[in-house]
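Understanding the architecture of this molecule
The chain contents come next:
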Amino acid sequence: MARLAVIGGSGFSSLPGLDVERRQQVDTAYGETSAPLTWGRLDGCPLLFLPRHGDVHGIPPHRINYRANIRALADAGAEHVIGLGAVGGIAADCGPGVLCVPDQLIDYTSARLGSFYQGDPGDPALDHIDFTEPYCAKLRAELIESAELAGLSVRAKGCYGATQGPRLETAAEIRRMERDGCDLVGMTGMPEAALARELGLCYAALCFVVNRAPGCSDGPVTMAEINANLGLCSVSVGGLLQTLARQRIS
Ligand code: HPA
């Protein structure tokens, strides 16, 4: 089975249950990763882990070196990459605590280095990647099956809208995203997914809703609400990943 990597998002500066074997800071042609890469085993399954916001949640979404992170994971032998992401729920059935494996995305980010092809010396020659289906169908199916095996309900598709952050959205921005067909809103799903595709990695996102998106409930979105739901979601996300890991080695 291919080497699995997990990129942790908010709430996942470490991976619950991971037996750490080695940690190493790696440098890439694109700079440093968010944190040292961690090699370990989750319920016996070899796994690479990288927290995209750094060891202590310090790197905001617009300052993450997405290119270094994806390049480093590929260089370390990762073939399958699961990107964890805390999100706001836009669709009516996406309340706090909901797990979702999106099948589509819309990119609203700006001014991020979204490609390995910048025309810089040493860059690969330009290749227009196909991104019709932005996520790897096989890995999505594995996540959905693992959720079912773990007894967790999961929304098996959805459209992820990636915003620039670090501020949350206005109510009007969320209404526009809803009209566009977005079910979820987050700040880190892009360019991560596109960069993974550029390097031929099989990438899927596992999203967990930590708040109703701005304007979808009464009052402002608070960090207290987000943090409380992050704690709840980390239990189900951790359980799902442990089930997936066990399935991989069985
Ligand atoms: N908007 C954008 N990103 C987020 C949100 C949100 O409401 N919640 C968690 N990440």
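Here's what I pulled together on the structure shown here.

Scoring rules and cut-offs
Residues numbered from 1 in each chain as written. Predicted model: local features only at pLDDT ≥ 70, side-chain atom pairs only at ≥ 80, totals over all residues. Heavy atoms only, no water. Helix = DSSP H or I, 4+ residues; strand = E, 2+ residues; numbered from the N terminus. Contact = heavy atoms within 4.5 Å. Core = buried A, V, L, I, M, F, W, Y, C linked by side-chain atoms within 4.5 Å. Buried < 20%, exposed > 50% of the residue type's maximum accessible area, 1.4 Å probe, protein only. Disulfide = S-S within 2.5 Å. 1 Å grid on protein atoms, 1.4 Å probe; cavity = no way out; pocket = protein on both sides within 12 Å on 5 of 7 lines; lining within 4 Å. Points joined across faces, edges and corners; volume = space filled by probe spheres on them. Nonpolar A, V, L, I, M, F, W, Y, C, P; charged D, E, K, R; others polar. Pairing = 2+ DSSP bridges. Near = heavy atom within 4 Å. Polar contact = N/O pair within 3.5 Å; in protein donor to acceptor, adjacent residues only side chain to side chain. Areas by Shrake-Rupley, 256 points an atom, 1.4 Å probe, with all protein chains shown as cover. Sits in = over half its atoms within 2 Å of the grid points.

Observations concerning the side chain of T163
- Take T163: it is sitting in the loop between strand 11 (159-162) and helix 3 (171-180).
- T163 has contacts with Y108, T109, R112, E169, M177, V185, G186 and M187, leaving out every residue within four places of it along the chain.

Brief notes about the nonpolar core
- Grouped together as the largest cluster of nonpolar side chains are 38 residues, with contacts concentrated most on L37, L73 and V81.
- Elements with a minimum of two residues in this core: strand 1 (4-8), strand 5 (37-42), strand 6 (45-51), helix 1 (66-75), strand 7 (80-89), strand 11, helix 4 (192-198) and strand 13 (202-212).
- Here the element with the most residues in this core is helix 1; it accounts for six residues.
- For V81, the residues in contact, after removing those within four places along its chain, are A5, I7, L73, L139, L201, C202, Y203 and A204.
- Residues L4, C45, I144 and L230 belong to the second largest nonpolar core, which totals 32 residues.

Digging into the state of the cysteines
- Across all of its chains, the model carries one disulfide by this definition.
- Residue pairing for C136: its cysteine sulfur links by disulfide to C202, the two sulfurs lying 2.1 Å apart. On the sign convention where negative is left-handed, the bridge of C136 and C202, at about -75° about the S-S bond, is left-handed. Here C136 is found in the loop between strand 9 (104-107) and helix 2 (137-149), whereas its partner C202 is found in strand 13, with 66 residues between them in sequence.
- What makes C136 buried here is its relative accessible area of 16%.
- Free of any disulfide, C94 has its nearest neighbouring cysteine sulfur in C100, separated by 5.7 Å.

Digging into empty space enclosed by the protein
- Applying the stated rule across the entire model yields one cavity of 30 Å³ or more.
- Taken as a whole, the largest cavity holds about 60 Å³ of empty space.
- Every residue lining the largest cavity is listed: R52, G83, L84, G85, Y135, Y160, T188, G189, Y203, A205 and C207.
- Listed by contribution, the elements that provide at least two residues to the lining of the largest cavity are strand 7 and strand 13.
- Looking at side-chain class alone, the lining of the largest cavity contains six nonpolar, four polar and one charged residues.

Concerning the pairing of strand 5
- Across the six residues of strand 5, five count as buried, placing the element largely inside the fold.
- Examined bridge by bridge, strand 2 (residues 18-24) and strand 5 share six bridges and lie antiparallel to one another. Bridged to D19 within strand 5 is R41.
- As judged from the five bridges shared by strand 5 and strand 6, these two strands associate in the antiparallel manner. Across the sheet, G40 pairs through a bridge with L47, a residue of strand 6.
- Connecting the antiparallel pair strand 5 and strand 6 is a turn made up of two residues, with D43 showing a positive phi of about 45°.

Here's the deal with the site of the ligand
- Around the ligand, the surrounding shell consists of A86, V87, G88, L168, E169, V185, G186, M187, V210, N211 and P214.
- Here G88 contributes a backbone N or O atom positioned 3.3 Å from a nitrogen atom of the ligand.
- Here a nitrogen atom of the ligand sits 2.6 Å away from a polar atom, N or O, in the side chain of N211.
- In the complex, 93% of the free accessible area of the ligand, which totals 260 Å², lies under the protein chains.
- Assessed atom by atom at 2 Å from the grid points, the ligand resides in the largest pocket.
- Mapped by element, the contributors of at least two residues to the shell around the ligand are strand 7, strand 12 (184-186) and strand 13.
- For the shell around the ligand, the element with the most residues is strand 7, which contributes three residues.
- For the shell around the ligand, the residue count by class is seven nonpolar, three polar and one charged.

It is worth stressing that arrangement in space is one thing and function is another; only the former is reported here.
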